[in-house]
Amino acid sequence: MLELANIRKAFNQGQHNEYWALKGIDLEIPPARVNVLKGPSGSGKTTLLTILGCLARPTEGRVRLKGEDISGLPERFLTEIRRSTFGFIFQQFNLVRGLSAIENIILPGYPTGTPRARLVERAEALLADMQLSHRRDAKVEWLSGGEQQRVAICRALINDPEILVADEPTANLDSKLSAEFLAILRRLAEAGRTVILTSHDPLVVESEVVDRVYSLRDGQLIEVVDTRRAWP
Amino acid sequence: MNRWIEKQRHLIDFTASSLARRKGKSLGLLVVYTLLVFVLASVSLYTHALRNEATRVLAGTPEVVLQRLIAGRHDLIPPGYIEKIGRVRGVQKIEGRLWGYYYDSVLKANYTFMVPSDRRIAEGEIVVGPALERSRGLAEGNGISFRAYSGELHTFIVSEVLAHESELVNADLVLMSEADFRRFFAYPDGHYTDIALWVANPQEVRNVGLKLINALPDSRPILREEVLRTYASIFDWREGMMLALLSAAILAFGIFAWEKAAGLSAEEKREIGILKAIGWETGDVIAMKFWEGFLVSLLAFLLGYVAAYVHVFHFEFALFAPVLQGWAVLYPSFALTPKIDGLQVATLFVFSVLPYTAATLVPIWRAATTDPDTVMRS
Amino acid sequence: MSRPSDRVLAFTLFAAALFAATFVDAGIRRDAHEPALQRTERLVEDLRLSDLVLFTEARYTRHLSQADLHSAFQDHPVALEHFPSGSLLPPPALLLDRHEPLDREAAPSD
Ligand SMILES: Nc1ncnc2c1ncn2[C@@H]1O[C@H](COP(=O)(O)OP(=O)(O)OP(=O)(O)O)[C@@H](O)[C@H]1O
Ligand SMILES: [Mg+2]
C-alpha cells in the first residue's frame, strides 16, 4: 500500500541547529491492517507519520503509494492525494470551534465541490455509525472528549479515504474510551481501510486489534513485529 | 463549472459561519463600514445632484451682468450709463436691475430685496420667498414691518408667497415695486444696482464683454459662463471642510480595518492549519478569505449607498445640511432631483470594496502557505 | 438544514435589489421633478436671478457669482475663512487668475 525507501528528514537543514529526525527508514505498510508506530518521545514518530500522510516531504528518500512514486509531486497534487486518500485524526482532535458537529465533519469535502446534500447525507450515515446522531447540531466545544474524538473520526472518513492516519489518538482518552476507539479502528480495518497510528500507550501497542508494530528509536526503525496470529 | 460553483458556495458557508461565530466583531465592523460608505456617498450624491441642478437652473441667467466699480468697490449705475451700453454692437437687450440686501435684526438673517421686471407689484405690497414664510410666519395678507436705514418703519402687506418648489433660487427673496424699493433704501432716482444684458449672437458674448470693458473701463462684466463655472465648481474647494473632517474618520477606519483584517488571531491561524491538514489547498483558504472580505465590503457598500440615497433624496440631506449651510439663518429646504453619475457610483464601489478585500487577503497569504504538518505540533 | 451561504447570498441579493431600486426611484423622481424644475428655470429667467440661495450668511456668500475682489472669498486661497461656506467654495476662477500674478509680485523674495 505505502512504501518508504531510505527516508531521511532534516529540520533546519544547513543551519547551525540542523537536526536529523529520521535517519534512513525503509518500511512497507500493508493494506487493510492496523499499524502502530511506537517509540520513546522524540524518536520521530510524528515526523514519520507526517511523511506517510503526505503532510510533509522527506528530505531524502522515496514515498510510494500503491506503487507510484509520490515524493516528487508538486504541492497541488500532494494536496489532492492527501484529500482523496488520507483521513487524519489529531491528538488535540483539531475540530473547528463554533461549528456544529456535522459542519466539522463535512469540512474536508468542501474543496472537492461535492454537493452539500451529498456531504450531509454521508456525514449523517457516519454519525449514525458512531452512535452520535443525537449530537449532530451541537457545537463541538460542548461535546465530551470521546464524542469529539468520534466526530474527528467521522471527519477523517468523509472523503472515504483508503488510509486513516492518527497521531496519539488515545492520549486524551481514558482506558474505556481508548478501548472503544480501538474497536472502531478494528472495524474500519476489517472494512478494508488501512490504519496507521502512533502511540506510546501500552494499552494500544499491546492491544489485540493491532496487526503490526513498528518500533522507532533516534530516528531509526529498530524492529517490526506482526502481533496478530490470525492473518487471513 | 457546477463543481466550481458548489465549491464557492461551500467556501461561503464556511466564511458565513465563521463571521457568525464572531458575531459582535463582524457586526460592529459592518456597521462602522456601512456608516463610512453612507457619509461618503451622501456627500458625493448631494454635491453631484446640487451641481447638476445649479447648472440646469442657472442656464437662464442673464448672459452678462454688468457691475460698476469705483475704487475697486461695487457702486451704483448712474443715469446715462445704460444708454452708453446701447451703443456697443451686438447687445440685444439691456435692463437695469434693482436689488439689495436687507438685514433683519429680529431673525439675524439677510434677505434679498429686489424689484421684479416681469410683474407689477402694487405699492405697499410685497411677494416673499418661502424661507420668510417659514421663519417669520408670513402668509398671504399678513403685514410685516421693515426698518429702513433712515430709521423709519415701513409696513408691507404680503400679496403672494413664491413657490416652494423653487426654494433653491427664491427662498430669501422679497419682491416689491420700484417706488417702494427706492423709497425704502433712499435709492437715488435713475440709479440702478447693476445691469443685465443679452447678446444677439451667443458666440459673441466674450467679445461683447471685452468691448464693454473697453468702452466703460470702470465696469466689471460677469458672463453667464462664469456664473455657471462658479456653480460647477461648487464644493470642490479643498474638497470641502466636511471631507477634510471625514478624512480623519477614513484614516481611523483604515487603521481599524487593517488591524482587524491584517492581524490574524491565533484562533484563525489554528483554523487555517486545520483546514490545510484536512486537505484544503492554499488557494481554497485564500478564496475563502476573499469571500469574507468581498462579502463584508460589498454589503457595506450596498447598504451604505442605499442609506445615503434615501438620506439625500428623501430626507433632504438632513444630517449634514447644517454643516454645508454654515452660519446662514435662512436656508432653503429643497428636494434635489436625483441625478446620479454611473462613474461616481463605480468609483465609490471600487474605493469601498477593493481596499478592504485586499487587506483581508494580504495576511492570509503567509498563513495559508504554512506547511500543513505544523498542525500536528500544536 | 438552511445553508449559511444561502442566507448570506439572499441578504446580499436583497441589498443589491435595494441598490437597484434606488436607480428606479431616481428615474421616477427625476420625471416627477421635471415640471417644477422647468418652472424654476422660468423663474430664474423672469426675475433675472443669477445665484442659488445656499449660504445667506453674508452678501458675498449669497451671490457667489457677484462676489468682488475684496470680499472674503477672494482672500488668499489658503487664508482661513470667516464663514464655513468659504471652505467649501473656491473664489471664481477668473478672479484667481487675476490675483495670482499679483500675489507673486507681492511675495517677498527670499
Ligand atoms: N519543526 C521542527 N524543527 C526542529 N526540530 C523538530 C521539528 N519538529 C520535530 N523536531 C524534532 O524532531 C524530533 C522528532 O520529533 P517527533 O515529533 O517526530 O517525535 P515523536 O516521536 O512524535 O515524540 P512524542 O512522542 O513526544 O510525540 C524531536 O527531537 C523534535 O524536537
Ligand atoms: Mg509526536
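Cut-offs used in this document
- Residues numbered from 1 in each chain as written.
- Chains lettered and ligands numbered in written order.
- Predicted model: local features only at pLDDT ≥ 70, side-chain atom pairs only at ≥ 80, totals over all residues.
- Heavy atoms only, no water.
- Helix = DSSP H or I, 4+ residues; strand = E, 2+ residues; numbered from the N terminus.
- Rg over C-alpha atoms; globule rule 2.2 N^0.38 Å.
- Buried < 20%, exposed > 50% of the residue type's maximum accessible area, 1.4 Å probe, protein only.
- Contact = heavy atoms within 4.5 Å.
- Areas by Shrake-Rupley, 256 points an atom, 1.4 Å probe, with all protein chains shown as cover.
- Lys, Arg positive; Asp, Glu negative; His and termini not counted.
- Charge placed at Lys NZ, Arg CZ, Asp CG, Glu CD.
- Expected span 1.5 Å × (residues − 1).
- Buried area = accessible area lost by both parts, 1.4 Å probe.
- Salt bridge = Lys/Arg side-chain N within 4 Å of Asp/Glu carboxyl O.
- Polar contact = N/O pair within 3.5 Å; in protein donor to acceptor, adjacent residues only side chain to side chain.
- Nonpolar A, V, L, I, M, F, W, Y, C, P; charged D, E, K, R; others polar.
- Near = heavy atom within 4 Å.
- Axes fitted to C-alpha atoms, helices over the stretch in contact; angles between N-to-C directions.
- Parallel < 35°, antiparallel > 145°, perpendicular 65-115°, else oblique.
- Left-handed = near helix turned anticlockwise from the far one by under 90°.
- Phe/Tyr/Trp six-rings, centres within 6.5 Å; stacked < 30°, edge-to-face > 60°.
- Lys NZ or Arg CZ within 6 Å of the ring centre and 35° of its normal.
- Domains from an automatic or database assignment.

**Comments concerning the overall build of chain B**
Each helix and strand counted, chain B has 13 helices and 11 strands in total. Here chain B has a C-alpha radius of gyration of 31 Å; the compact-globule value for 378 residues is 21 Å, and the former is much larger. Dimensions along the principal axes, computed over C-alpha positions, put chain B at roughly 100 × 50 × 40 Å. Relative to its 378 residues, chain B shows a buried fraction of 53%. A separation threshold of at least 6 residues defines the contact pool for chain B, and within that pool the share at least 24 residues apart is 79%. Put simply, chain B shows about 16,600 Å² of open surface, and 61% of that area lies on carbon and sulfur atoms. Charge centroids of chain B, computed over 38 positive and 39 negative side chains, lie 6 Å from each other.

**What to know about helix 1 (residues 2–21) of chain B**
For helix 1 of chain B, which comprises 20 residues, the first-to-last C-alpha distance of 28 Å matches the rise-based estimate of 28 Å (1.5 Å per residue) to within 8%. Where helix 1 of chain B is concerned, the buried positions are B:Glu6, B:Gln8, B:His10, B:Leu11, B:Ile12, B:Asp13, B:Phe14, B:Thr15, B:Ala16, B:Ser17, B:Ser18 and B:Leu19.

**What about the interface of chain B and chain A?**
Chain B puts 26 residues into the contact, and the matching count from chain A is 33 residues. Here chain B and chain A share an interface that buries about 2,800 Å² over both sides, 57% of which is from carbon and sulfur atoms. Scanning the region where chain B abuts chain A turns up five salt bridges. Linking A:Arg76 and B:Glu281 is a salt bridge whose minimum nitrogen-to-oxygen distance equals 3.4 Å. Summed over the shared surface of chain B and chain A, the number is 12 residue pairs in polar contact (both at pLDDT 80 or more). Every element with two or more residues in the side of chain B that touches chain A is listed here: helix 1 and helix 10 (266–277) of chain B. Broken down by element, the residue count for the side of chain B that touches chain A peaks at eight residues, all from helix 1 of chain B. Classifying every residue of the side of chain B that touches chain A by side-chain character gives nine nonpolar, four polar and 13 charged.

**Some remarks on the site of ligand 1**
Close to ligand 1 lie 15 residues; A:Ser41, A:Lys45, A:Thr46, A:Thr47 and B:Arg377 are nearest. Looking at the residues close to ligand 1, they fall on chains A and B. At a separation of 2.5 Å, an oxygen atom of ligand 1 approaches a polar side-chain atom of A:Ser41. Within the contact set of ligand 1, an oxygen atom lies 3.0 Å away from a backbone nitrogen or oxygen of A:Gly44. Protein contact buries 67% of the 630 Å² of open area that ligand 1 shows by itself. Of all the secondary structure elements, the ones that give two or more residues to the shell around ligand 1 are strand 2 (19–29) and helix 1 (45–52) of chain A.

**Some points on the pattern of salt bridges**
When the charged atoms of two side chains with opposite charge come close together, those side chains can pair. Residue and element names in this part refer to chain B. Applying the stated rule across the entire model yields 44 salt bridges over all chains. The salt bridge involving Glu271 is made with Arg21; its shortest N-O contact spans 2.8 Å. Of the two residues, Glu271 sits in helix 10 while Arg21 sits in helix 1, which places them 250 residues apart along the sequence. According to the relative accessible area criterion, Arg21 is partly exposed, its value standing at 26%.

**Some remarks on the environment of C:Phe19**
Mapped onto the fold, C:Phe19 is located in helix 1 (residues 4–47). The class of C:Phe19 is buried, set by a relative accessible area of 17%. For C:Phe19 and C:Val53, which are 34 residues apart along the polypeptide, the C-alpha to C-alpha distance reads 31 Å. C:Phe19 has contacts with B:Phe301, B:Leu302, B:Tyr305, B:Val306 and B:Val345, leaving out every residue within four places of it along the chain.

**A look at the packing of helix 2 (residues 23–57) of chain B against helix 11 (residues 282–313) of chain B**
Residue and element names in this part refer to chain B. Relative orientation of the contacting elements helix 2 and helix 11 amounts to 45 degrees, with a least axis distance of 7 Å. Comparing the axis directions of helix 2 and helix 11 gives the class oblique. Note on packing geometry: the crossing formed by helix 2 with helix 11 is right-handed. Taken together, the residues that form the contact of helix 2 with helix 11 break down as 20 nonpolar, five polar and no charged.

**Here's the deal with the packing of aromatic side chains**
One pair of aromatic rings is described through two measures. These are the centre distance and the angle between the planes. All names here are of chain B. Taken as a whole and judged by the stated rule, the model has 34 aromatic pairs over all chains. Aromatic side chains Phe38 and Phe320 sit 6.3 Å apart centroid to centroid with 50 degrees between the ring planes, which places their arrangement in the tilted category. Residue Phe38 is located in helix 2, and its partner Phe320 is located in the loop between helix 11 and helix 12 (321–325); the two are separated by 282 residues in the primary sequence. On the accessibility criterion, Phe38 (12% relative accessible area) is buried. The class of Phe320 is buried, set by a relative accessible area of 15%. Lys93 extends its terminal NZ or CZ atom over the ring of Trp198, reaching a point 4.4 Å from the ring centre. Over the aromatic face of Tyr192 sits the side chain of Arg182, whose NZ or CZ is 5.3 Å from the ring centroid.

**Re the environment of B:Gly60**
By secondary structure assignment, the location of B:Gly60 is in the loop between helix 2 and strand 1 (64–70). Using a relative accessible area of 12% as the deciding quantity, one classes B:Gly60 as buried. Along the primary structure B:Gly60 and B:Asp194 are separated by 134 residues, whereas in three dimensions their C-alpha atoms are 17 Å apart. Each residue touching B:Gly60, except ones within four places of it in the same chain, is listed here: B:Arg224, C:Val44 and C:Glu45.

**Description of the packing of helix 10 of chain B against helix 11 of chain B**
Residue and element names in this part refer to chain B. Relative to each other, helix 10 and helix 11 sit at 135 degrees, their axes nearing to 9 Å. When the axes of helix 10 and helix 11 are compared, the pair comes out oblique. Judged by the sense of rotation from one axis to the other, the crossing of helix 10 with helix 11 is right-handed. Note on element contacts: helix 11 touches helix 10 through Thr282, Val285, Met288 and Lys289, opposite Glu268, Ile272, Leu275 and Lys276. Its residues assigned to classes, the contact of helix 10 with helix 11 shows four nonpolar, one polar and three charged.

**Comments concerning the domain arrangement of chain B**
Residue and element names in this part refer to chain B. Domain assignment breaks chain B into domain 1 (2–58 + 235–377) and domain 2 (61–232). Here the C-alpha centroids of domain 1 and domain 2 sit 48 Å apart. Contact residues are listed per partner, giving 14 residues for domain 1 and 19 residues for domain 2. A per-residue breakdown of the area domain 1 buries against domain 2 is headed by Leu58, Val329 and Leu330, which together make up 48% of the total. For the pair domain 1 and domain 2, the number of links is zero salt bridges. Linking domain 1 with domain 2 are one residue pair in polar contact (both at pLDDT 80 or more). For the side of domain 1 that touches domain 2, the per-class residue count stands at nine nonpolar, two polar and three charged.

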